[in-house]
Amino acid sequence: MSTGLVKAIKSIALDAVNNSTPMDLKFGIVVEDDSKEEPKDPFQIKVSHVLTLPYKVLIIPRRITEDGGLQLNDKVALLRQEGGNSYYVLDRLNERSDE
């Protein structure tokens, strides 16, 4: 293979990696499950007016569940995995929302 072609392929691959967002930091508020599905989830996390995350896409670390879990109106930091199919709850933030 010519070195020019190899360099072009490497350049394209690096551009693709640099332009992707494999993870994304988000912030949200723990809210009640307002879906019409049964059974109800323990809670959801509202990230914005158009994005509310169902319980089933959340990965909640043991240290949070052992420390009393998440309560309504808790503010949390989330890490979105590539593809947006799962969100890891990084931690509970010190402030609470009164929404």
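Note: the structure precedes this text.
Residues numbered from 1 in each chain as written. Predicted model: local features only at pLDDT ≥ 70, side-chain atom pairs only at ≥ 80, totals over all residues. Heavy atoms only, no water.

Undergrad: Help me understand the pairing of strand E1 (residues 23–31), please; the structure alone is not making it clear to me.
TA: Each regular strand carries side chains that alternate between the two faces of the sheet. Pairing geometry for E1 and strand E5 (residues 74–81), over 7 bridges, is antiparallel. If you follow Ile29 over to E5, its bridge partner there is Lys75. Here E1 runs beside strand E2 (residues 44–46); their pairing, made up of 3 bridges, is antiparallel. In the sheet register, Val31 faces E2, and the bridge partner there is Gln44. (Pairing = 2+ DSSP bridges. Helix = DSSP H or I, 4+ residues; strand = E, 2+ residues; numbered from the N terminus.)

Undergrad: Can you walk me through a nonpolar patch on the surface in this structure?
TA: On the surface, a nonpolar cluster with roughly 270 Å² of combined accessible area is contributed by Leu25, Phe27 and Leu93. Inspection of the secondary structure puts Leu25 in strand E1. On the basis of relative accessibility, which here comes to 46%, the residue Leu25 falls in the partly exposed class. (Patch = residues over 30% accessible without salt bridge, like charges linked within 9 Å, V, L, I, M, F, W, Y side chains within 5 Å. Areas by Shrake-Rupley, 256 points an atom, 1.4 Å probe, with all protein chains shown as cover. Salt bridge = Lys/Arg side-chain N within 4 Å of Asp/Glu carboxyl O. Buried < 20%, exposed > 50% of the residue type's maximum accessible area, 1.4 Å probe, protein only.)

Undergrad: Please clarify how the packing of aromatic side chains should be interpreted in this entry.
TA: Two descriptors summarise a pair of aromatic rings, namely the distance from one centre to the other and the angle between the planes of the rings. For the structure shown, the criterion picks out 1 aromatic pair. When the centroid spacing of 5.2 Å and the interplanar angle of 90° are considered together, the rings of Phe43 and Tyr55 count as edge-to-face. Separated by 12 residues along the polypeptide, Phe43 in the loop between E1 and E2 and Tyr55 in the loop between strand E3 (52–53) and strand E4 (58–59) bring together distant segments of the chain. (Phe/Tyr/Trp six-rings, centres within 6.5 Å; stacked < 30°, edge-to-face > 60°.)

Fair warning: the whole summary comes from geometry, so function is off the table for now.
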